[in-house]
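If you want the building blocks of each chain, they are given just below.
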Amino acid sequence: MFKSRIFGKSIVSFEKARHRMVEDQLIPRGIRGPRVIEAMRKVPRHLFVEEAFWDRSYGDHALPIGEKQTISQPYMVARMTEALDLTGTEKVLEIGTGSGYQTAILAELAAKVCSVERVRSLFQKAQTSLNRLQYFNVALKLFDGTYGWPEESPFDAIIVTAGAPDIPPSLLDQLKPGGRLVIPVGDRASQMLKKIVKSPEGLAATHLTGCVFVPLVGAFGWEPEGSGNNLGGSLNHVSDDGDHSV
Ligand code: SAH
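Rules used throughout
- Residues numbered from 1 in each chain as written.
- Predicted model: local features only at pLDDT ≥ 70, side-chain atom pairs only at ≥ 80, totals over all residues.
- Helix = DSSP H or I, 4+ residues; strand = E, 2+ residues; numbered from the N terminus.
- Buried ≥ 20, exposed ≤ 12 C-beta atoms within 10 Å, placed from the backbone.
- Contact = placed C-beta atoms within 7 Å.
- Near = placed C-beta within 6 Å.
- Nonpolar A, V, L, I, M, F, W, Y, C, P; charged D, E, K, R; others polar.
- Core = buried A, V, L, I, M, F, W, Y, C linked by C-beta atoms within 7 Å.
- Pairing = 2+ DSSP bridges.
- Axes fitted to C-alpha atoms, helices over the stretch in contact; angles between N-to-C directions.
- Expected span 1.5 Å × (residues − 1).
- Arc of directions from axis to C-beta.

A. Expanded view of unusual backbone geometry. Pro-154 follows Ser-153 through a cis peptide bond whose omega is 5°. Here Pro-154 shows up in the loop between β7 (138-142) and β8 (155-160). In this structure, Glu-67 is a non-glycine residue whose phi angle is positive, near 60°. On the secondary structure map, Glu-67 appears in the loop between β3 (63-66) and β4 (69-71). Classification of Glu-67 by C-beta neighbours within 10 Å gives partly exposed; the count is 16. The backbone of Gln-134 shows a phi angle near 60°, a positive value even though the residue is not glycine. With respect to the element layout, Gln-134 can be found in the loop between α5 (120-132) and β7. A count of 8 C-beta atoms within 10 Å places Gln-134 in the exposed class.

Below, the structure is given as structure tokens:
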């Protein structure tokens with residue numbers, strides 16, 4: 001058996017933890033897609049958090065990743081991914097790279113993933129983690145993702161991993177006909193996970209589940225915390241130099 005050890009923990013034990021995560025947290029809650037399950041079994045979630053959290057990285061919860069942000073609970077990652085209906089040919093946009101874990105899951109399941117993050121330190125860490133794991137079908141950008149990524153559009157699927165006050169219009173514009181958008185919408189404290197399908201007849205929305213995400217902060221999201229009022233969709237445009245990532 002493969003006995004390689006990293007920092008005193010065997011790779012085998014993390015693999016076991018991943019399999020247990022799928023059996024105990026995902027399958028009983030209705031995650032069925034074989035490709036999603038395979039990706040959740042494969043991607044080493046612990047490598048997307050600080051070593052101090054490795055022991056808890058396959059638990060049934062979100063974990064801190066610095067800058068007051070979190071890596072989402074495994075079930076939420078699987079649920080959102082499943083809702084995108086990926087077959088392997090798609091170009092996907094993710095808003096809120098965070099740790100890069102959800103990005104890696106998407107990279108397993110789609111042809112190309114474009115992911116936008118507004119916090120520089122998280123963007124850099126995610127870039128390192130994804131490079132180390134050799135996810136070469138991923139492009140990352142440091143910017144306000146409420147504008148989407150016009151130069152790379154259109155997308156077959158868009159996933160927003162932060163809670164929005166409303167659906168940013170640019171994301172709907174950048175979705176292909178037949179495309180799927182999965183986004184938590186609500187107030188700062190809690191949201192409803194929505195799936196929007198863009199068809200020739202228009203937009204069809206389904207409500208998937210209640211959820212709690214960190215806020216989507218930006219021109220078509222929330223104001224940064226402590227800045228007073230919440231003007232969702234305000235005129236708070238930021239430049240492309242990344243210096244807005246506080
Ligand atoms: N998918 C991530 C979850 C990260 S939490 C993971 O698996 O780790 C949500 C992330 O969205 C945070 O990193 C936060 O900084 C980022 N975010 C919030 N508003 C954003 C915006 N307007 N554009 C890009 N990223 C944003």
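B. Main features of helix α4 (residues 101-109). Among the nine residues of α4, nine are classified as buried, and the element is accordingly described as predominantly covered. Those residues of α4 that fall on the buried side of the exposure criterion are Tyr-101, Gln-102, Thr-103, Ala-104, Ile-105, Leu-106, Ala-107, Glu-108 and Leu-109.

C. Molecular detail of the environment of Ala-164. Following the sequence through the fold, Ala-164 ends up in the loop between β8 and α6 (169-173). Between the C-alpha atom of Ala-164 and that of Val-217, which follows or precedes it by 53 residues, the distance is 8.0 Å. Sequence-distant contacts of Ala-164, defined by excluding residues within four places in its chain, comprise Ile-183, Pro-184, Val-185, Leu-216 and Gly-221.

D. Broad picture of the site of the ligand. Near the ligand lie 26 residues; those nearest to it are Gly-96, Gly-98, Ser-99, Gly-145 and Gly-218. A per-element tally of the shell around the ligand places β4 first, with three residues. For the shell around the ligand, the residue count by class is 11 nonpolar, 12 polar and three charged.

E. Representation of the nonpolar core in the model. Of all hydrophobic cores here, the largest spans 60 residues; its most connected members are Val-92, Ile-105, Ile-158, Ile-159, Val-160 and Val-182. The biggest single contributor to this core is α4, with six residues. When near neighbours in sequence (up to four residues on either side) are disregarded, Val-160 contacts Ile-95, Gly-96, Ile-183, Pro-184 and Leu-216.

F. Representation of the sheet that holds β8 within the structure. Read across the sheet, seven strands follow the order β7-β6-β5-β8-β9-β10-β11 without closing on themselves; strand pairing throughout is mixed. One side of each edge strand has no neighbouring strand; the edge strands of this open sheet are β7 and β11 (202-211). Pairwise comparison of adjacent strand axes, ignoring direction, gives a mean angle of 15° for this sheet. Sheet topology note: the strand β9 (residues 175-186)/strand β10 (residues 191-199) ladder contains seven bridges and is antiparallel. Across the sheet, the residue bridging to Gly-186 is Gln-191, located in β10.

G. Structural detail: the environment of Pro-200. Turning to its location among the elements, Pro-200 is positioned in the loop between β10 and β11. Spatially, the C-alpha atoms of Pro-200 and Pro-177 are 6.7 Å apart, while their sequence positions differ by 23 residues.

H. Fine view of α5. In this model, α5 (13 residues) spans 18 Å end to end at C-alpha, consistent with the 18 Å of a helix rising 1.5 Å per residue. Among all positions of α5, only Leu-122, Phe-123, Lys-125, Ala-126 and Leu-130 are buried. Buried residues of α5 fall within an arc of 170° about the axis and therefore sit on the same side. Pointing more than 90 degrees away from the buried face of α5 are the exposed residues Thr-128 and Arg-132. At the C-terminal side of α5, Gln-134 shows a positive phi close to 60°.

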